[in-house]
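Given next are the chains, with one letter for each unit.
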Amino acid sequence: MNFKLSDEHRLIQEAARDFATRELAVDVIERDKESRFPLRQVQLMGELGFMGVTIPMKYGGAEMDHLSYVLIIEELAKIDASSAVIVSAHNSLALWGLNTYGTEEQKEKFLKPLAEGKKLGAFALSEPEAGSDASSQHTSARKTEDGYILNGNKNWITNGSSADTYIVIAQTDHSRGSHGISAFIIEKNQPGFTIGPKEDKLGIRSSDTHALHFSDVAVSESQLLGQEGSGFKIAMETLDGGRIGIAAQAVGIAEGAYQLALKYAQERKTFGKPIFKHQAIQFKLSDMATKIQAARLLTYQAAALKDQGERYTKEAAMAKLFASETAMSSTIEAIQIHGGYGYVREYQVERMMRDAKITEIYEGTSEIQKMVIARELLKSLSS
């Protein structure tokens, strides 16, 4: 087993690191305060190929592997977790389903401008009463002679108002339960589709999160993604891959906080010496570094399995579970190391702690990850 990144992967990592340091760091505190979407930076990331990382070149993508994608998300999240999740939701959730299940016509019309970074994508699964229980969809798509009529509400949608194209999960046959759920490609300007106010969030504040409302939205047959009734399968497979992206985001947040804490510990002096010389601080930093490396390796393993075409459901859940918990614990320790300075915005780590919390919640809570892992363990026993 080779744990060393290839020259190509290192170049991708360095490109993402350079972009984050040069473009994201400039106004990251102000964007957080103002809950301002990083439109200029997203456009630049499109030019760099970050908005279509794993999509084939013939559809406008960069045609990189999933490890490259993880490296990009990690580097972005070290500086700005909001920008990282914008890229993650766009790539993992919106583009993956289109690339995997879309027809050639759908790929040309919808996937290509998304992969080129000319448009932004979003994925709408969660509802007021269907978050962790994703099979309980209340949004419905009623079959008509011309297609479908879509009605319902979606909550907590990343890129909610900034997106142009949405993958929307809806019930097409209530009698079939999860087998009666379908996926649809919805465009922003369709009559009857409205976007609720921006959520005022604890963290990832420059990522826009909104509720979506559908009132008698006419949807054509050509907007059905995959087969009717395959929507739940598409959603669950999408979330498997999405969890790798969130794990990478969590690793980046944790690493960013650790690096700031390490730097501060070498500069700040108490009792005549840098606080890094105190054993209590050394132990904190040692624990942080160890957990971050373990989380990183879990995440890289899940990405590698996906690249190899192997099953990765358990590994993605493990990576997200451990990486998100590591992000939370590492950012809390980073604040503690900074002391009173860690509690003010100027020193960044308080924002990182606020950003870290959501990684334990979205794309499946930590409790859901444990359920997924346990289910996969049971499957391995019976095989």
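Each chain has its residues counted from 1, following the order in which its sequence is written. Residues qualify for local features only when their pLDDT is at least 70, as the model is predicted, and side-chain atom pairs are given and counted only at 80 or more; totals for whole chains, interfaces and linings, by contrast, use all residues. Note that water and hydrogens are dropped before the side-chain values are worked out from all heavy atoms of the structure.

Enquirer: Now, about the packing of aromatic side chains: what can you tell me, with residues and values included?
Expert: Only Phe, Tyr and Trp rings take part, Trp by its six-membered ring, and two of them pair if their centres are within 6.5 Å. Stacked means planes under 30 degrees apart, edge-to-face means over 60, and tilted covers everything else. Counted under the stated rule, the structure contains 8 aromatic pairs. An angle of 70 degrees between the planes, with centres 6.2 Å apart, marks the rings of W96 and Y101 as edge-to-face. Relative accessibility under 20% of the residue-type maximum defines a buried residue, over 50% an exposed one, and the middle range a partly exposed one, all with a 1.4 Å probe and only protein chains included. Residue classification places W96 among the buried residues on the basis of a relative accessible area of 16%. Judged by centre distance (6.2 Å) and plane angle (90 degrees), the ring pair of Y264 and Y347 falls under edge-to-face. With a gap of 83 residues between them, Y264 in helix 7 (residues 231–267) and Y347 in the loop between helix 9 (313–338) and helix 10 (349–357) connect regions that are remote in the sequence. For Y264, a relative accessible area of 8% corresponds to the buried category. Classification of Y347 as partly exposed rests on a relative accessible area of 26%. In this structure an aromatic cluster arises from ring pairing among Y166, F193 and F214. Counted as over-ring charges are cases with an Arg CZ or a Lys NZ within 6 Å of the ring centre that also lie within 35 degrees of the ring normal. The ring centre of Y148 lies 5.1 Å from the NZ or CZ of K143, which sits over that ring. Strands here mean DSSP runs of E at least two residues long; helices mean DSSP runs of H or I at least four residues long; both are numbered from the N terminus.

Enquirer: Tell me about the pattern of salt bridges, and please be specific about residues and values.
Expert: Where charged atoms of side chains with opposite charge meet at close range, the side chains can pair. The salt bridge definition used is simple: a Lys or Arg side-chain nitrogen within 4 Å of an Asp or Glu carboxyl oxygen. Considering all chains together, one arrives at 29 salt bridges under this definition. The salt bridge involving D32 is made with R354; its shortest N-O contact spans 2.8 Å. Separated by 322 residues along the polypeptide, D32 in helix 2 (residues 28–34) and R354 in helix 10 bring together distant segments of the chain. Accessibility assignment for this pair places D32 and R354 in one class, buried. The partner of E376 in a salt bridge is K379, with the nearest N and O atoms 3.4 Å apart. Here E376 and its partner K379 are both found in helix 11 (residues 366–382), 3 residues apart, which amounts to about one turn of the helix. With relative accessibility at 8%, the residue E376 sits in the buried group. On the basis of relative accessible area, K379 is assigned to the partly exposed category, the value being 41%. Where salt bridges share partners, they join D27, R31, E34, R36 and D80 into one cluster.

Enquirer: Run through the side chain of T331, naming residues and quoting values.
Expert: By the secondary structure assignment, T331 is in helix 9. Only 2.8 Å separates the side chain of T331 from the backbone oxygen of A327, close enough to count as a polar contact. Any pair of nitrogen or oxygen atoms within 3.5 Å is treated as a polar contact; in protein, a donor-acceptor pairing is required on top of that, and neighbouring residues in sequence qualify only through side-chain atoms on both sides.

Enquirer: Lay out the UniProt feature "domain: Acyl-CoA dehydrogenase/oxidase C-terminal" (unreviewed entry) in the protein in plain terms, naming residues and giving numbers.
Expert: UniProt positions are given in the numbering used here, feature names are shortened, and annotations may be inferred rather than shown by experiment. Under the present numbering, the feature "domain: Acyl-CoA dehydrogenase/oxidase C-terminal" (unreviewed entry) in UniProt falls on residues 229–378. Segment residues 229–378 splits into 76% helix and 3% strand. End C-alpha atoms: 27 Å apart.

Enquirer: Help me get a handle on the environment of E221, residues and values and all.
Expert: Structurally, E221 is set in the loop between strand 7 (209–220) and strand 8 (224–225). Under the relative-accessibility criterion, E221 is labelled partly exposed at 39%. For the pair E221 and L321, spaced 100 residues apart in sequence, the C-alpha to C-alpha distance is 38 Å. Only heavy atoms enter the contact rule, under which two residues are in contact if any of them lie within 4.5 Å. Excluding residues within four positions of it along the chain, E221 makes contact with K143, D146, G147 and Y148. In this structure the side chain of E221 is engaged in a polar contact, spanning 2.5 Å, whose partner is the side chain of K143.

Enquirer: Any chance you could break down the packing of helix 1 (residues 7–24) against helix 3 (residues 39–48) for me, citing the residues and the numbers?
Expert: Packed helix pairs are specified by the crossing angle of their axes together with the interaxial distance, meaning the distance between the axes. It is the contact of helix 1 with helix 3, at a shortest axis distance of 11 Å, that shows an interaxial angle of 155 degrees. Between helix 1 and helix 3, the crossing angle belongs to the class labelled roughly antiparallel. In this structure, the crossing between helix 1 and helix 3 has a hand that is right-handed. In this structure, helix 1 uses F19, E23 and L24 to contact helix 3, whose residues at the interface are R40, Q41, L44, M45 and L48. Here the contact of helix 1 with helix 3 is built from residues that sort into 5 nonpolar, 1 polar and 2 charged. All axes here are fitted lines through C-alpha atoms, helices being fitted over the stretch that makes contact, and every angle between N-to-C directions spans 0 to 180 degrees. Working definition: roughly parallel below 35 degrees, roughly antiparallel above 145 degrees, roughly perpendicular at 65 to 115 degrees, and oblique for all remaining angles. We call a crossing left-handed when the near helix sits turned anticlockwise from the far one by less than a right angle, and right-handed when that turn is clockwise. Residues were grouped as follows: Ala, Val, Leu, Ile, Met, Phe, Trp, Tyr, Cys and Pro as nonpolar; Asp, Glu, Lys and Arg as charged; and all remaining residues, including Gly, as polar.

Enquirer: Account for the UniProt feature "domain: Acyl-CoA dehydrogenase/oxidase N-terminal" (unreviewed entry) in the protein, with residues named and values stated.
Expert: Residues given the UniProt feature "domain: Acyl-CoA dehydrogenase/oxidase N-terminal" (unreviewed entry) here are residues 6–118. In residues 6–118, helix accounts for 73% and strand for 0%; the two terminal C-alpha atoms are 30 Å from one another.

Enquirer: Tell me about the nonpolar core, and please be specific about residues and values.
Expert: Nonpolar cores were defined as sets of buried Ala, Val, Leu, Ile, Met, Phe, Trp, Tyr and Cys residues, with membership established by side-chain atoms within 4.5 Å. Counting 64 residues, the largest nonpolar core has M45, I72, L76, L285 and I337 as its most contacted members. Elements supplying a minimum of two residues to this core: helix 1, helix 3, helix 4 (66–79), helix 5 (81–101), helix 7, helix 8 (279–307), helix 9 and helix 10. Looking at this core element by element, the count peaks at 13 residues for helix 7. Dropping the residues within four chain positions of it, L76 is found in contact with A16, F19, A20, L24, M45, A81, A84 and V87.

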